[in-house]
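# Structural overview for review
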Amino acid sequence: MSKFSFFEIMRKALNHNEDWQRQWADPEPKKDYDIIIIGGGGHGLGTACYLAKEHGLTNIAVLEKGWIGGGNTGRNTTIIRSNYLYDESAALYDHSVRLWEGLSQDLNYNVMFSQRGVMMLAHTDHDRHSFQRHIHANRLNGIDNEWLDAGQAQDYCPALDISPAARYPVIGAALQRRGGVARHDAVAWGYARAASECGVHIIQNCEVTNITRHANGSVSGVETSRGFIGAKKIAVVAAGNTSNVMRMAGVRMPLESYPLQALVSEPLKPVIPCVIMSNSVHAYISQSDKGELVIGAGTDQYVSYSQTGSLPVISHTLEAICELFPIFRRVRMMRSWGGIVDVTPDRSPIIGETPVPGLFVNCGWGTGGFKATPGSAHVFAHHLATGTPHPVNAPFTLKRFETGRLIDEAAAAAVAH
Ligand code: FAD
Ligand code: PYC
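Residues numbered from 1 in each chain as written. Chains lettered and ligands numbered in written order. Predicted model: local features only at pLDDT ≥ 70, side-chain atom pairs only at ≥ 80, totals over all residues. Heavy atoms only, no water.

## Notes on the overall build of the chain
Of the regular secondary structure elements, the chain holds ten helices and 16 strands. Taken over the C-alpha trace, the chain has a radius of gyration of 21 Å; the compact-globule value for 417 residues is 22 Å, and the two agree within 12%. The C-alpha extent of the chain, read off along each of the three principal axes, is 70 × 60 × 40 Å. By residue count, 56% of the 417 residues in the chain fall in the buried class. (Helix = DSSP H or I, 4+ residues; strand = E, 2+ residues; numbered from the N terminus. Rg over C-alpha atoms; globule rule 2.2 N^0.38 Å. Buried < 20%, exposed > 50% of the residue type's maximum accessible area, 1.4 Å probe, protein only.)

Structure representation (structure tokens):
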């Protein structure tokens, strides 16, 4: 029996975030840090956390121009999976899924990771061949993924329309049962609290406006909206803004920034038990624990820094959802939003060193970096702390765009581009 009453527990739960914010809110920046991380999203905060917890480095600041988790970390649709084609990607994303599996316990913070399964629908022979190729490749890498026929897909998600009269009938599906969803902002808060408890400074409302360098070319610090801050190493983890931040150090990045949007419906009783994605009809859907249908599709067709996105994408997405689930035709949408994702030519991330001594970068996650948060942060921290890449991030160099050794995951983001 708990020594607290039900109401006491609820009061504590509701005040939890407020209490915690008081513990770490906006310390005054010091003059110098060993490592400055630019960007207080999940990847930046996670990196700080692993640097402190696994490498004992705590003279670190995370500088965030807005509020932590206010970028893509708090704007995404939380799909987590590791069913990527190439060995390098499979290793990276499955490293992440394994960390997700213990994350709530590791952080003592409930990130609500729910392995409810991610089902990718096949509507054409091309889909079927492509998914079956992924299934075989995944299994060779020890990653679960299985083929379902249309009836089995409907058994897994009964509201799905598998009628042969549909414009693109469902002919089967690839199901990764270990895939699922998590609570996005809890990931930022959990990592921030753990890093802060180790002594890391998390400084919000602190925009980096320039990266400064010593005469020998190595980094010396950053100019910010709160003054100059010195650093021995700088790690840029600024998602859709990476090109702008890296330009401050004179580095041109192979990235394009696109708006990606999503929307949620009014809350419904539980009706979608898993994540459903369809590349051909072009939409994806899951249901949050609050009951909202969480819906998205592709990026806008043109580059932009608008954090909203355009209307035709939303109407196209909803048409696609109604084709897959005619029962949702009369459901009302509650709100929509967008984020800026940075996309590399091979749709794989860049994690590691740059031509500037002391400057590191973690970017290019495009439409799919939420799932990678723990894995990316874990290997990036290793690279920053030891000066050598972790075996998992070693292939994801910036140099690959010079050598041509690309990791072409063009189909990786499923519906999202
Ligand atoms: P962010 O959370 O964006 O953090 C970067 C931070 O850097 C921001 O907070 C920003 O304010 C800060 N910053 C930028 N410039 C500066 C500066 N000059 N000074 C200081 N701070 C700065 N991925 C999935 O795996 N599954 C999904 O289902 C999924 N759905 C998505 C849906 C949408 C609508 C969007 C937009 C993205 C989606 N993604 C998804 C992608 C995923 O959200 C991102 O890849 C991931 O969250 C990136 O995390 P991050 O920590 O690198 O970036
Ligand atoms: O990477 O699985 C994904 C994804 C789904 C929607 C956006 N990204």
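Read on, since the account is not over.
## Quick look at the packing of helix α3 (residues 87-107) against helix α6 (residues 184-197)
Following both chains from N to C, one finds α3 and α6 inclined at 50 degrees, their axes separated by 10 Å at the closest point. Judged by the angle between their axes, α3 and α6 are oblique. The handedness of the crossing between α3 and α6 is left-handed. Each of Trp100, Leu103 and Leu107 in α3 lies in contact with α6, whose residues at this interface are Val187, Gly190, Tyr191, Arg193 and Ala194. For the contact of α3 with α6, a count of residues per class yields six nonpolar, one polar and one charged. (Axes fitted to C-alpha atoms, helices over the stretch in contact; angles between N-to-C directions. Parallel < 35°, antiparallel > 145°, perpendicular 65-115°, else oblique. Left-handed = near helix turned anticlockwise from the far one by under 90°. Contact = heavy atoms within 4.5 Å. Nonpolar A, V, L, I, M, F, W, Y, C, P; charged D, E, K, R; others polar.)

## What about the site of ligand 1?
In the vicinity of ligand 1 there are 37 residues, among which Glu64, Asn72, Thr73, Thr77 and Lys371 approach most closely. One of the side-chain nitrogen or oxygen atoms of glutamate 64 is found 2.7 Å away from an oxygen atom of ligand 1. For ligand 1, whose free accessible area comes to 1,000 Å², the fraction covered by protein is 96%. When residues of the shell around ligand 1 are traced back to their parent elements, those giving at least two are α2 (42-55), β10 (256-267) and β14 (333-343). It is β10 that provides the largest number of residues to the shell around ligand 1, a total of three residues. Residues of the shell around ligand 1, tallied by class, amount to 14 nonpolar, 18 polar and five charged. (Near = heavy atom within 4 Å. Polar contact = N/O pair within 3.5 Å; in protein donor to acceptor, adjacent residues only side chain to side chain. Areas by Shrake-Rupley, 256 points an atom, 1.4 Å probe, with all protein chains shown as cover.)

## Some remarks on the confidence of the model for the chain
Within the chain, residue pLDDT values average 94, and 93% of them lie at 70 or more. Mean pLDDT in the chain bottoms out at helix α1 (residues 6-24), which sits at 55, and peaks at strand β16 (residues 359-363), which reaches 99. (pLDDT = per-residue confidence, 0-100.)

## Observations concerning the state of the cysteines
Working definition: the covalent bond between the sulfur atoms of two cysteines is a disulfide. The final tally for this structure, using the stated rule, is zero disulfides. With no disulfide of its own, cysteine 274 has cysteine 157 as its nearest cysteine by sulfur position, at a separation of 4.5 Å. (Disulfide = S-S within 2.5 Å.)

## Thoughts on the nonpolar core
Counting residues in each nonpolar core, the largest one holds 50 residues, and the members touching the most others are Ile37, Leu45, Trp100, Tyr191 and Val200. Looking at this core, the element that brings in the most residues is α6, giving eight residues. The contact partners of isoleucine 37, leaving out residues within four places of it in the chain, are Gly44, Thr47, Ala48, Leu51, Ile60, Ala61, Val62, Leu63, Ala235 and Val237. Listed in part, the 28 residues of the second largest apolar core include Ile38, Ile203, Val236 and Leu398. (Core = buried A, V, L, I, M, F, W, Y, C linked by side-chain atoms within 4.5 Å.)

## Comments concerning the site of ligand 2
Lining the immediate environment of ligand 2, one finds nine residues, of which Arg81, Met277, Tyr284, Thr367 and Lys371 sit closest. Here an oxygen atom of ligand 2 and a side-chain polar atom of arginine 81 are 2.7 Å apart. Computed on the free molecule, ligand 2 has an accessible area of 240 Å², of which 96% lies beneath the protein chains in the complex. Taken together, the residues that form the shell around ligand 2 break down as four nonpolar, three polar and two charged.

## So, α3
An ideal rise of 1.5 Å per residue puts 30 Å on 21 residues; α3 measures up with 29 Å between its terminal C-alpha atoms. Its maximal kink placed at glutamate 101, α3 deviates by approximately 45 degrees. Count one or two residues on from α3 and you reach asparagine 108, which has phi positive near 50 degrees. (Expected span 1.5 Å × (residues − 1). Bend = angle between axes of the 7 residues up to and from the residue.)

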